[in-house]
Amino acid sequence: AIARMLLKKRGDVAVYILKAGKRSNDCNTNLQRLIEMGVSINEIETTESFPAANTGDVIIEAMFGTGLNKPLQGIAQLLAQYINQKKAVTVISIDMPAGLYADKCSKGNTITKAAHTLSFQCNKLAFMMAENSEYTGNIAILDIGLDNDFYNDTASNVNTIDKDLLLSFFKARKQFAHKYSFGHALLFAGSQNMMGAAILAAESCLRSGAGLVTVHIAEPLMPVIQTALPEAIASAEDNFETLAKKKAAIGIGPGLAINETNTKLLGQIITEWAGATVIDASALSILQPFTSLLAKRKEHPAILTPHTGEFEKLFGQCKNDFERMDTALQKAAQLNCYVVLKGRHTLIACPNGEAWFNTTGNNGMATAGSGDVLTGILTGLLAQGYTEKEACLLGVYLHGLAGDFAAASLSPEAMIAGDITNNLGNAFKTFY
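What counts, and at which threshold
- Residues numbered from 1 in each chain as written.
- Predicted model: local features only at pLDDT ≥ 70, side-chain atom pairs only at ≥ 80, totals over all residues.
- Heavy atoms only, no water.
- Helix = DSSP H or I, 4+ residues; strand = E, 2+ residues; numbered from the N terminus.
- Buried < 20%, exposed > 50% of the residue type's maximum accessible area, 1.4 Å probe, protein only.
- Contact = heavy atoms within 4.5 Å.
- Areas by Shrake-Rupley, 256 points an atom, 1.4 Å probe, with all protein chains shown as cover.
- Lys, Arg positive; Asp, Glu negative; His and termini not counted.
- Charge placed at Lys NZ, Arg CZ, Asp CG, Glu CD.
- Salt bridge = Lys/Arg side-chain N within 4 Å of Asp/Glu carboxyl O.
- Patch = residues over 30% accessible without salt bridge, like charges linked within 9 Å, V, L, I, M, F, W, Y side chains within 5 Å.

Engineer: Explain the overall build of the chain to me, using residue names and the numbers behind them.
Structural biologist: When helices and strands are tallied, the chain shows 17 helices and 16 strands. Principal axes of the C-alpha set define a box for the chain whose edges measure 85 × 45 × 40 Å. The buried share of the chain, taken over its 432 residues, is 50%. Considering only contacts in the chain between residues 6 or more positions apart, those separated by 24 or more positions represent 68%. Of the roughly 21,400 Å² of accessible surface on the chain, a fraction of 50% belongs to carbon and sulfur atoms. Distance between charge centroids for the chain: 2 Å, based on 36 positive and 40 negative side chains.

Here it is, written out as structure tokens:
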């Protein structure tokens, strides 16, 4: 069908198909239409019948699409290997690169390496996994008019985040609101030589809409906060009960020193603080002794925000991205917490077994401090009364969308974490 459409646009097209004992009715119909146009069909049976691709050619690979359940074998495997050796051509795969499973790990398989994948109707789980990026290239999802009722009525625990979902619970500000309408967030962040993390988290917390933000920090370091971010409150109060009074949400970890005092503090937050909680960075490094206690938090499950390294330190090494997703879901259910596994398509593993992948963001966000910004956003949203699940879904989406605005303005290479915070306003404006 693609060959026929290209020929109608006067393209120079050669058609090669794998020899098959049986073809679908649709395939036979389109094949007959092509033959009636006078096109010769090259049937591939051996390596001698492979196409002689030249520099600058485009190879459109449409061997299998979705539904593959075993590795490529025989002539199909040899053809995929042959295509991968052609370095001076552009490969476009249709629906799925040949050899790539849609919903399980494909490591060890021979897989066509595409520069572009044109896939149909909806994302595939494989596209969310970093391990498959070298095969898929740039992915475009094309609407081909499949039945939306079937899509909507089909149950799945794996989802992608979209704006329609977020708009269903987004809290637009009321005209007569005041700062106390949007909650008071408390951040335990920063230490000697790591005050940047505290500032990044605090500013993004404010930019995400929190009414007030207090940053707990050692007294000698308080001027750093007060100078860099006059809108935030700095406090050196050591009594946790006093500090936590009237706070709506707590975030802990960015730039925090790993020591006995902060280990004790984290234990207090997990066991004595019943409110909304985000645990990130250094706090994840000292979480191990308290992990089992997370399950006791019933009303406000904690939100953990590890990157891959922090995740595996906490929960053990994983063989591949699919196993890591399964582990995140297992731990979220077991510990009654939300696991926000940061990456290109950040995964939110929920206690109820749902998995949500983010669809915003870019590789310019792979820079120091991006995670601190996310912690601030999540804490700020929780302070405003969003539920843990809502804060996770909206937070990662806004974080990524702000990053997309920053990349469009500056380039991914030139981005720094503060650029994400500076573009949160642009991200929020898309909701109005």
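Engineer: Outline the pattern of salt bridges, supporting the account with residue identities and numerical values.
Structural biologist: Inspection of every chain in the model, using the stated rule, returns 7 salt bridges. Across the pair Asp95 and Lys124 runs a salt bridge, and its minimum N-O distance is 3.6 Å. Pair noted here: Asp95 is in the loop between β4 (90–94) and β5 (116–120) and Lys124 is in the loop between β5 and α4 (133–136), with a separation of 29 residues, a long-range link. When sorted by exposure, Asp95 lands in the same class as Lys124, which is buried. Arg324 serves as the salt-bridge partner of Glu312, at 2.9 Å between the closest nitrogen and oxygen.

Engineer: Go over a nonpolar patch on the surface, please, and point to the residues and values.
Structural biologist: Where nonpolar side chains cluster on the molecular surface, the patch consists of Ile2, Met5, Leu6, Val58 and Ile60 and spans about 410 Å² of accessible area. Broken down by secondary-structure element, the contributors of at least two residues to the nonpolar patch are α1 (2–8) and β3 (58–61). Per-element tally for the nonpolar patch: the top contributor is α1, with 3 residues. Within the secondary structure layout, Ile60 lies in strand β3.

Engineer: Lay out unusual backbone geometry with the relevant residues and their values.
Structural biologist: If you check the backbone angles, Asp95 has positive phi at about 70° while not being a glycine. With a relative accessible area of 11%, Asp95 lands in the buried category. The phi angle at Asn193 is positive, at roughly 75°, despite the residue not being glycine. By the element assignment, Asn193 lies in the loop between β8 (184–188) and α7 (195–207). Among the residues examined, Asn193 registers a relative accessible area of 72% and is labelled exposed.

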